[in-house]
Amino acid sequence: MAYVPGVALLAAFAVGCSAGADSDANGADSKAGSPTVTPAPPGKYLTLPAPCRAVPRTTLKDLLPGAAELPGDQQEKVFRGSAAVTYDTDRKVGCSWKADAPNSTRSLSIDLERVVSYDPAVSDDDRADTLYAKKEKAAGLLSSATPGPDAEKDTATGEEKGKKGEEQEDKEGKQEKGAGKSEDPAGDDDATSSADPSSSPSSSEGTGGTGGSPEDALPSRVLDGLGDAAFLQDLPTRAGSTAQRHTVSVVFRTSNVVVTVRYAEQPALITQAPDSRELQEKAQALARKLAEALSE
């Protein structure tokens with residue numbers, strides 16, 4: 001009789017293990033029957049081009065006429081450009097150029113950002129479209145394009161998942177802010193001018209002189225036929241400034257890459273104003289060349 005309790009204990013243990021195994025099996029069956037979420041497709045682009053070699057030499061000569069008057073070694077330095085500091089050349093790159101001439105100074109910068117979604121339910125393209133839309137809104141424009149089907153599904157669970165991805169992207173953006181900027185001062189004008197109401201395209205500042213009359217100036221606007229979405233922002237001189245600096249930005253998205261082109265001119269004389277139409281046409285032409293190069 002002394003061994004009976006031990007036998008009973010072993011029997012109870014065996015029954016418990018059997019019940020646990022049945023429970024695990026039922027749990028596995030229930031998981032197997034649950035619906036699976038198909039990951040969103042990745043973006044078209046996995047890498048980015050070398051930014052300082054993205055603009056042809058002939059194009060640089062046209063955009064920076066002052067460089068032609070420089071000695072050979074100085075010309076090479078101008079055309080070589082200055083690459084923006086970045087922590088990941090597969091995610092964000094940039095380059096800037098600047099040339100002084102007797103009558104004006106012109107500067108150019110390009111920035112390319114490859115967007116990656118950290119949410120499997122949201123595609124890279126949709127995340128890039130969200131980034132582009134923020135830039136367009138910051139420029140005071142509203143696109144007539146309708147959001148894609150994946151963007152429309154960004155509710156409830158999708159939104160909760162997307163927050164993590166956005167937080168991660170915002171964190172990376174803060175780390176690269178300053179370090180990832182091009183050295184071209186035109187980028188600073190974008191932020192300050194768009195925040196200053198007096199810098200709107202309808203402002204009379206910077207429209208006097210040659211080529212900058214209100215009749216010739218074209219406003220900031222959404223562009224057609226450039227990438228998947230594009231807009232142009234015209235930034236004349238801020239009120240109160242003695243310099244007649246004029247900056248034009250063209251931003252476009254193609255798949256999961258967002259590209260920004262900034263082209264600026266500052267005449268040597270404050271009585272002269274840059275030709276807004278010329279700046280816009282040349283900035284758009286370069287943006288289209290970059291879009292074509294990316295699509296090859």
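Preceding this paragraph is the structure being described.
These remarks concern the structure in this document. (Residues numbered from 1 in each chain as written. Predicted model: local features only at pLDDT ≥ 70, side-chain atom pairs only at ≥ 80, totals over all residues. Heavy atoms only, no water.)

## Remarks on the overall build of the protein chain
Then comes step 1: The number of helices and strands found in the protein chain is eight helices and seven strands.
Then comes step 2: In the protein chain, which comprises 296 residues, the proportion classed as buried is 38%.
Then comes step 3: Long-range contacts, defined here as pairs at least 24 residues apart, represent 68% of the contacts in the protein chain between residues at least 6 apart.
Then comes step 4: Element-wise, carbon and sulfur atoms account for 55% of the exposed surface of the protein chain, whose accessible area totals about 16,400 Å². (Helix = DSSP H or I, 4+ residues; strand = E, 2+ residues; numbered from the N terminus. Buried < 20%, exposed > 50% of the residue type's maximum accessible area, 1.4 Å probe, protein only. Contact = heavy atoms within 4.5 Å. Areas by Shrake-Rupley, 256 points an atom, 1.4 Å probe, with all protein chains shown as cover.)

## Considerations on the sheet that holds strand E3 (residues 104-114)
Then comes step 1: The strand order across the open sheet built from seven strands is E1-E2-E3-E7-E6-E5-E4, with neighbouring strands paired in antiparallel fashion. With one partner strand each, in any of the chains shown, strand E1 (82-83) and strand E4 (221-223) form the two edges of the open sheet.
Then comes step 2: Bridging between strand E6 (residues 246-254) and strand E7 (residues 257-267) involves nine bridges; their strand directions are antiparallel. Each residue of the ladder has a partner; that of Val 251, found in E7, is Thr 260. (Pairing = 2+ DSSP bridges.)

## Quick look at the packing of aromatic side chains
Given two aromatic rings, their pairing is described by the distance between the two centres and the angle made by the two planes.
Then comes step 1: Scanning all chains against the criterion turns up one aromatic pair.
Then comes step 2: A centroid spacing of 5.7 Å and a plane angle of 50° characterise the contact between Tyr 132 and Phe 231, whose relative ring orientation is tilted. Here the residue Tyr 132 occupies a position in helix H4 (residues 124-138), and Phe 231 occupies one in strand E5 (residues 229-235), the gap between them amounting to 99 residues.
Then comes step 3: For Tyr 132, a relative accessible area of 2% puts it in the buried group. (Phe/Tyr/Trp six-rings, centres within 6.5 Å; stacked < 30°, edge-to-face > 60°.)

## Considering the nonpolar core
Then comes step 1: Counting 35 residues, the largest nonpolar core has Phe 252 and Val 261 as its most contacted members.
Then comes step 2: Going through the elements one at a time, helix H2 (57-63), helix H3 (72-80), strand E2 (92-100), E3, E5, E6, E7 and helix H8 (276-295) are the ones with two or more residues in this core.
Then comes step 3: Among residues more than four places away in sequence, those in contact with Val 261 are Leu 108, Ser 109, Ile 110, Val 248, Ser 249, Val 250, Ala 283, Leu 286, Ala 287 and Leu 290.
Then comes step 4: In this structure, Val 115, Ala 128, Leu 141 and Ala 229 belong to the second largest nonpolar core, which totals nine residues. (Core = buried A, V, L, I, M, F, W, Y, C linked by side-chain atoms within 4.5 Å.)

## Some thoughts on unusual backbone geometry
Then comes step 1: Backbone geometry at Ser 255 places phi at a positive 55°, although glycine is not the residue there.
Then comes step 2: If you trace the backbone, Ser 255 turns up in the loop between E6 and E7.
Then comes step 3: The class for Ser 255 is buried, based on a relative accessible area of 7%.

## Structural notes on the pattern of salt bridges
Then comes step 1: Going through the model one piece at a time under the given rule, you end up with eight salt bridges.
Then comes step 2: Ionic pairing is found between Arg 106 and Glu 278, a salt bridge with its closest N-O pair at 3.4 Å. You can see Arg 106 sitting in strand E3 and its partner Glu 278 sitting in helix H8, a full 172 residues away along the chain.
Then comes step 3: Taking relative accessible area as the criterion, Arg 106 reaches 8% and is therefore assigned buried. (Salt bridge = Lys/Arg side-chain N within 4 Å of Asp/Glu carboxyl O.)

## Description of the environment of Leu 60
Then comes step 1: For Leu 60, the position within the fold is in helix H2.
Then comes step 2: Separated by 226 residues in sequence, Leu 60 and Leu 286 place their C-alpha atoms 9.6 Å apart.
Then comes step 3: Apart from residues no more than four positions distant in its own chain, Leu 60 is found in contact with Val 55, Phe 79, Trp 97 and Leu 108.

## Details of the environment of Val 258
Then comes step 1: Within the secondary structure, Val 258 sits in strand E7.
Then comes step 2: According to the relative accessible area criterion, Val 258 is buried, its value standing at 3%.
Then comes step 3: Taking C-alpha positions, Val 258 is 8.2 Å from Asp 111, a pair spaced 147 residues apart along the chain.
Then comes step 4: Here Val 258 is in contact with Asp 111, Leu 112, Glu 113, Val 115, Ala 128, Leu 131, Lys 135, Val 251, Phe 252 and Arg 253, once residues within four sequence places are set aside.

## As for H4
Then comes step 1: With 15 residues, H4 ought to run about 21 Å at 1.5 Å a step, and its terminal C-alpha atoms sit 21 Å apart, in line with that.
Then comes step 2: Taken together, the buried positions of H4 are Asp 124, Asp 126, Arg 127, Ala 128, Tyr 132 and Glu 136.
Then comes step 3: Residue Gly 140 follows H4 closely and has a positive phi angle near 80°. (Expected span 1.5 Å × (residues − 1).)

## Description of the pairing of E7
Then comes step 1: When you tally the buried positions in E7, you get ten out of eleven residues, the bulk of the element.
Then comes step 2: For E3 and E7, the ladder comprises eleven bridges, and the chain directions are antiparallel. Bridging across to E7, Asp 111 finds its partner in Thr 260.
Then comes step 3: Once E6 ends, the chain turns through two residues before running back antiparallel as E7, passing Ser 255 with a positive phi of about 55°.

## Looking at the pairing of E6
Then comes step 1: The element E6 is largely enclosed, with a buried count of nine among its nine residues.
Then comes step 2: Of the two faces of E6, the one holding His 246, Val 248, Val 250, Phe 252 and Thr 254 and the one holding Thr 247, Ser 249, Val 251 and Arg 253 are both buried throughout.
Then comes step 3: Inspection of the sheet shows E5 paired to E6 by seven bridges, in the antiparallel sense. Directly across from Phe 231, in E6, lies its bridge partner Val 251.

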